[in-house]
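# Observations on the model geometry
Listed below, chain by chain, are the residues.
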Amino acid sequence: MVQEFINKQFYNLFVFTYIFGLVLYGTIGFDGIDEICAMLLLVLLIYGIFKTEGWYVNKAFLCVIGIFIFYACYSLYIHSNSKAAIVSDFIIQFKPYLAFFAVYFLVPQWSASQKKILKDTSLVIWLAMLCIGIAAQANFLVFKYTVGHVAYFAAIVTSSSLLYLYCSDGSKKDKVIFLLMLATGLLSGRAKFYGFFIVGAAAVIFSRYICNLRLNFKTLLVAAIGIAAMIAVSWQKLVLYFGVGQSIESVPDDFLARAMLYTTAFEIFQDYIPFGSGFASFASFSSGTHYSEIYEKYGIESVKGISRDNYSYIADTYYPCLAQFGIVGVVLYLLFFLFVFGKALKFYKRNLSDKHFVIPFLIICYFLIENIADATFTSHRGFFIMMLLGLVLSESKLLVLKKSNHD
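The following refers to the structure shown. Computed from a predicted model, the values in this text were never measured in an experiment.

### Details of the environment of F153
Note that F153 resides in helix α8 (residues 150-167). Sequence separation of F153 and L22 is 131 residues, and the distance between their C-alpha atoms is 9.5 Å.

### Focus on the nonpolar core
The biggest cluster of nonpolar side chains holds 116 residues, and the ones touching the most others in it are F10, F14, L41, F100, F282, Y295 and I306. Here the element with the most residues in this core is helix α5 (residues 83-106); it accounts for 12 residues. Once you skip the residues sitting within four places of it in the chain, F100 turns out to touch F336, F339, V340, M386, L389, G390 and L393.

### Thoughts on the side chain of K355
By secondary structure assignment, the location of K355 is in helix α16 (residues 355-370). Despite its burial, K355 pairs with no opposite charge; the closest candidate is E395, at 4.7 Å N-O. The residues touching K355, leaving out its near neighbours within four places in the chain, are L165, Y166, S168, P360, V392 and E395.

### Some thoughts on the environment of F282
Here F282 is to be found in the loop between α12 (253-271) and α13 (285-289). Exposure remark for F282: the relative accessible area of 1% places this residue in the buried category.

### Section: the packing of helix α9 (residues 172-183) against helix α10 (residues 191-206)
Relative to each other, α9 and α10 sit at 175°, their axes nearing to 10 Å. As summarised for this structure, α9 and α10 are arranged roughly antiparallel, according to the angle between their axes. Taken together, the residues of α10 that come into contact with α9 (itself represented by K175, F178, L179, L182 and A183) are F193, F196, F197, G200, A201 and V204. Considering only residue class, the contact of α9 with α10 consists of nine nonpolar, one polar and one charged.

What counts, and at which threshold
Residues numbered from 1 in each chain as written. Predicted model: local features only at pLDDT ≥ 70, side-chain atom pairs only at ≥ 80, totals over all residues. Heavy atoms only, no water. Helix = DSSP H or I, 4+ residues; strand = E, 2+ residues; numbered from the N terminus. Core = buried A, V, L, I, M, F, W, Y, C linked by side-chain atoms within 4.5 Å. Buried < 20%, exposed > 50% of the residue type's maximum accessible area, 1.4 Å probe, protein only. Contact = heavy atoms within 4.5 Å. Lys, Arg positive; Asp, Glu negative; His and termini not counted. Salt bridge = Lys/Arg side-chain N within 4 Å of Asp/Glu carboxyl O. Axes fitted to C-alpha atoms, helices over the stretch in contact; angles between N-to-C directions. Parallel < 35°, antiparallel > 145°, perpendicular 65-115°, else oblique. Nonpolar A, V, L, I, M, F, W, Y, C, P; charged D, E, K, R; others polar.

What follows is the structure, given as structure tokens:
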């Protein structure tokens, strides 16, 4: 009965988050909807924990909670910002991990009919995005007036494609449809998406060979070609965003904030060894709303989009934000994705379908690429995709357990 209740309520929450917390997020314009979804998920998690014998909680999740509590105490100790700012940033930074581990713990199970509904829904939304994408080729403002931002468009396409693949049987036909859906994101004109699409196509085509990969010349050559292709299609944006091949002084004003955030982040990593500058201190949303003194300390408070009166670009990218957690934080961030990759590969090797590895692998690549020039990981887009990641891995775990019991 408990699991049935969790299955039903999570399905409702997942659909609600997909429609209102992702697809219509920019249209409605209510920024707090992902926080509401996170709160409802937390309530469901607490219910699941209390209904579990011995109040079992995943050890990895307990480790993450402990790390966040440590950084909260550390931030309060060094006075990285006001208490309100630290609490605010704590919630924002913790939200994606909550999305993943809560779903992974709850192990929601859906019926074939429920998956069919979501599969059809993702197709309908994809068709709508296809129309929007085509119309935007004539007038780029179409993105703004329909979904709110081109980044939202790309995220909706990505999420809908991955959701379709998850709810499908993973057949060759489903993989072709998945790639066609994903290709719609190319209409966004985002260099990052070009790179992600290359990774997506390669993952779908070569997924069956993953388990047999060896670190040899052939493998390294294929990887080098793939990376070169991604850099080639993204080169123009790399030059604009980060001043690759040019000095900071020659970076256009519209891209100066991001370049300065990266440059300053490296300085902070060196000055605040090993735990960083603390919550709400740098390149995070809370460090703008509760303006951090660190921007004045490093002399970048006058840069457009980073000033006290105009901080619109402060949380425009994610990786500089890791300076808040120092070298240790970077290692922990990478360890999380290695943990996810390891779990996905382990489950996949137990004779699961390709999609149970492809989806987690692509989500990891999505975040690693997107976070270069967007704070996707801590945004509403990141929250939904992390829920999907937890859903796929929890299903993989359940299927492996069923196979073990059957054997």
